[in-house]
Amino acid sequence: MKVTGILVVAGLGVCAGTCGAADRPTAEELVARAKAGPSLLLTREGAEAARRRVAADVDAGRWFNALRQRLDVQMARPPQIFAHGGQWVMWLNCRKCATRLTSESPTRHVCPACGEAHSGWPYDDAYISTVNNANGVEVRDCGVAWLLTGERRYAERARDVLAGYARAYGGYEWHQRNGPEKPGRNSAARAYAQVLDEAVWLSNLLDGYDAVREALTDADRRLIEEKLIRPSTETVRSECAYWSNHEVWHLVAFGRAGLVLGDVRLVDAALNGPYGALNQLEHGILGDGTWYEGAMHYHFYTMRAFTPFFRVLHNLGYAVPDRYRRMFLAPIEQLPPDELMPQVNDSCQLEYLHPGDLPQHYELANAWWDEPTFRWWVRQRPRATMEYALWGREDPADRTVQPPSLRSQLCGASGLAVLRTQTPGAAKRGWMPDNCLMLDFGPHGEWHGHPDKLNVFFWLHGEMASEDPGGINFGSDRHWGWYKSTLAHNTLRVDNRNQGMGEGELVAFVTNGNASAVAAFCSGTKPRKNTWDGPVYEGVDILRAVALAGDGVLDYLEADSATEHDYEWCFHSRGELVQPGDAGWTPMTNLPPRFAMDQYNLPPLLKGDESWSWVENPRQRPVGEAWYAAWRRPGATLGLWQRASSAGTLATGVGSAMPPPAQMTLAVNRLKGRRAAFASVVVPDAGARVEIGPITATADGWRGFEAKVNGRRHVLRVRRGASPRLEVE
């Protein structure tokens, strides 16, 4: 089959919203409605409906019984409230191996991977933040339990925790990640070391307080509102006015505080202000439904903030903007075969998205919008969750449900191409094709971006074959030195340094039947538009075309410059690397020392010359123009065949993967010159018969190669210019 395409720019489209004026009460009207009773979690009518559901519905009842049992354990102990604020929770990681620490006590924090023990500052203070987090959730849960049972012990426990913080908060000094700080500088806060964390905590406290407020005395309410909610709201308001997941959390906290305190000014700023929720939706959600910071982790983290904000507005009669609906659909449309969300940029933890997962989002989406995909999604798991019990919609069993139709697509606004195919002759695994490849050429992602333009990662036969390692705890040296390096990604590295912050451009995208392809380009002469968008390597043009044909990957990468450079074509997979005649390796020596943070100060993007120092057992050997390598792990093999434009040096070693201490093995082909080209084939069978022909470059601009895989001919060709084209056969 031959597939030929011209330049395609595909947008998924985002509805602008169809709410009329009657569905959008003003800030004054919202505050007036909030005075009638609780609204942040449930209104009185909502609480009555939830009581009926937990009594009659097996799943809802199971969740509520578990909640009460958990609260019984927590309430048997006195609240733990510290005399000073906490530190950044991301300091709670092992400085030796980057694994998250387990706190055995307030002063002893142990690595579960290597056994290293940590104590003192900042670890002990970061532990305080974890306690604050747990206390905030407990207050919220007590509010739920009070609304559904009317048992005063829940209201009294919430009061005790809230009053304890109210008495302590005045003594909390302003501080940030590495010590004391003035208000409004470096995201300084009081109960926490950054405003973001204080906003998340305050949001949970507000949920609980709003629920139990009517059960408290006037004196209790004055204490909590004047000594805790108002000053913490002022803390959150000290850092505002920008586009970010941080700012969404800030506005959610102070906007909901405005409803509790009856402050129209706060509610209006949070909803309608220049950086309020409606403008954050307009500017932050890209045309394909993804959040602009370029990491699926922060896509969901931003949704975690928006959802409780629109939940209370919905409770008060405000229609949820339809534009927000696209944020729920985008992750499902990008879901790979193993249902593990792509670890692009600072996606700093493994996040599976199995059908039925993330009820904190999708139960509410199902209640807000008549979307068959959402109805299907929430039915794939038992619904024993808070979201179903409190806000879920009980659709009739015969109501239309529809699994997503996953296909190759171009997420043009975020610059992510998603190619999908089904293995020839293999039975399809339900609703998900079993092969998927992604190419990242889009915006840098600002603070959460990685230097990895034209990075490729893919899944074959339902399993991840070559990954983007994402990011880990920002308090780890390894995050900055390794995970946020070009060497850790499947892309091109030049002159032993990281790529600059930039954005590629689409050349072409084609799909037809069981073959799809995409090509993208990074210009070395691109004018720098701003901090985040310039040439990834000054003076070096980079072109990449990649195809997914059945269960095989064809990859062509070319770099071109007027001057000589050292080029490194980087690839990673899990398992042991094996090469025919596996001899002649020499160790890589005289590597620079690893990066280490200075007094817990977060660095800018590193130069990258120390990246190889993070690789275990780095070694190298000469290779000819054509070479082969395989990765072997239990139950699977992966074969890589490559023909380059000249002989080079193959370097390898073991680098960190996601999550630590997982590892992946590198294969890096090094060439030197003004131009370098790499033609590669990857298949999930190390014993396949693969032959790659010469790399071709024609006078009219075509670039590419032919290959035979188990006797079958394949062609991948691309042409840039006024009439860009891409062919895969």
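Each value, and the rule that gives it
Residues numbered from 1 in each chain as written. Predicted model: local features only at pLDDT ≥ 70, side-chain atom pairs only at ≥ 80, totals over all residues. Heavy atoms only, no water. pLDDT = per-residue confidence, 0-100. Contact = heavy atoms within 4.5 Å. Helix = DSSP H or I, 4+ residues; strand = E, 2+ residues; numbered from the N terminus. 1 Å grid on protein atoms, 1.4 Å probe; cavity = no way out; pocket = protein on both sides within 12 Å on 5 of 7 lines; lining within 4 Å. Points joined across faces, edges and corners; volume = space filled by probe spheres on them. Nonpolar A, V, L, I, M, F, W, Y, C, P; charged D, E, K, R; others polar. Salt bridge = Lys/Arg side-chain N within 4 Å of Asp/Glu carboxyl O. Buried < 20%, exposed > 50% of the residue type's maximum accessible area, 1.4 Å probe, protein only. Pairing = 2+ DSSP bridges. Axes fitted to C-alpha atoms, helices over the stretch in contact; angles between N-to-C directions. Parallel < 35°, antiparallel > 145°, perpendicular 65-115°, else oblique. Left-handed = near helix turned anticlockwise from the far one by under 90°. Core = buried A, V, L, I, M, F, W, Y, C linked by side-chain atoms within 4.5 Å.

Draft legend 1. Representation of the confidence of the model for the protein chain within the structure. On average, residues of the protein chain score 91 in pLDDT, and 95% of them reach the 70 mark or higher. Counting interchain partners and residues more than four positions distant, the pLDDT-below-50 stretch residues 1-19 has 59 contacts.

Draft legend 2. Summary view of unusual backbone geometry. Pro122 follows Trp121 through a cis peptide bond whose omega is 5°. Of note, Pro122 is situated in the loop between β4 (117-118) and α4 (123-149). Here Pro660 and Pro661 are connected by a cis peptide whose omega angle stands at 10°. Its location among the elements puts Pro661 in the loop between β22 (648-656) and β23 (663-683). The phi angle at Asn496 is positive, at roughly 60°, despite the residue not being glycine. As for its placement among the helices and strands, Asn496 is situated in the loop between β12 (492-494) and β13 (505-512).

Draft legend 3. Main features of the layout of surface pockets. Quantified by volume, the second largest pocket comes out at close to 430 Å³. Considering the residues around the second largest pocket, the lining is formed by 23 residues, among which Ala549, Gly550, Asp551, Arg712 and His714 are closest to the centre. Those elements giving two or more residues to the lining of the second largest pocket turn out to be β16 (552-573), β23 and β27 (712-719). A breakdown of the residues in the lining of the second largest pocket according to their chemical character gives 12 nonpolar, six polar and five charged.

Draft legend 4. The arrangement of the pattern of salt bridges in detail. For the structure on display, the rule yields 42 salt bridges. We note a salt bridge from Arg70 to Asp141, for which the minimum N-O separation is 3.2 Å. Taken together, the residues span a long stretch of sequence, with Arg70 in helix α3 (residues 58-75) and Asp141 in helix α4 at a distance of 71 residues. By relative accessible area, Arg70 is classed as partly exposed at 37%. Among the salt bridges present, the one from Glu104 reaches Arg108, with a minimum N-O distance of 2.9 Å.

Draft legend 5. View of the sheet that holds strand β11 (residues 463-466). The strand order across the open sheet built from five strands is β7-β8-β9-β10-β11, with neighbouring strands paired in antiparallel fashion. Every other strand in the sheet has two partners, leaving β7 (409-411) and β11 as the edge strands with one partner each. When the angles between neighbouring strand axes are averaged without regard to direction, this sheet yields 20°. In this structure, strand β8 (residues 416-421) lies alongside strand β9 (residues 435-440), joined through six bridges in antiparallel fashion. Considered in β9, the bridge of Val418 is made with Met438.

Draft legend 6. How the structure looks around the packing of helix α11 (residues 296-315) against helix α12 (residues 325-333). Relative to each other, α11 and α12 sit at 150°, their axes nearing to 11 Å. The angle between α11 and α12 places the two elements in the roughly antiparallel class. Regarding α11 and α12, the two cross each other, and that crossing is left-handed. Contacts between α11 and α12 involve Met296, His299, Phe300, Thr302, Met303, Phe306 and Thr307 from the first element and Met327, Phe328, Ala330 and Pro331 from the second.

Draft legend 7. Structural context of the sheet that holds strand β2 (residues 102-105). Within the open sheet, the three strands sit side by side as β2-β3-β4. Their pairing is antiparallel. The sheet is open, and its two borders are formed by β2 and β4, each paired with just one other strand. Inspection of the sheet shows β2 paired to strand β3 (residues 108-110) by three bridges, in the antiparallel sense. Considered in β3, the bridge of Ser105 is made with Arg108.

Draft legend 8. The environment of Arg177, seen in detail. Among the secondary structure elements, Arg177 is positioned in the loop between β5 (175-176) and β6 (179-180). Given a relative accessible area of 23%, Arg177 falls into the partly exposed group. In sequence terms Arg177 and Ala188 are 11 residues apart; their C-alpha atoms lie 7.9 Å from each other.

Draft legend 9. Representation of the nonpolar core in the model. Counting 123 residues, the largest nonpolar core has Phe310, Tyr324 and Tyr362 as the members making the most contacts within it. Every residue in contact with Tyr324, bar those within four places of it in the chain, is listed here: Leu281, Ile285, Met303, Phe306, Thr307, Phe310, Trp368 and Trp369. The next biggest cluster of nonpolar side chains, apart from the first, holds 45 residues, and it includes Val456, Ala520, Leu638 and Ala676.

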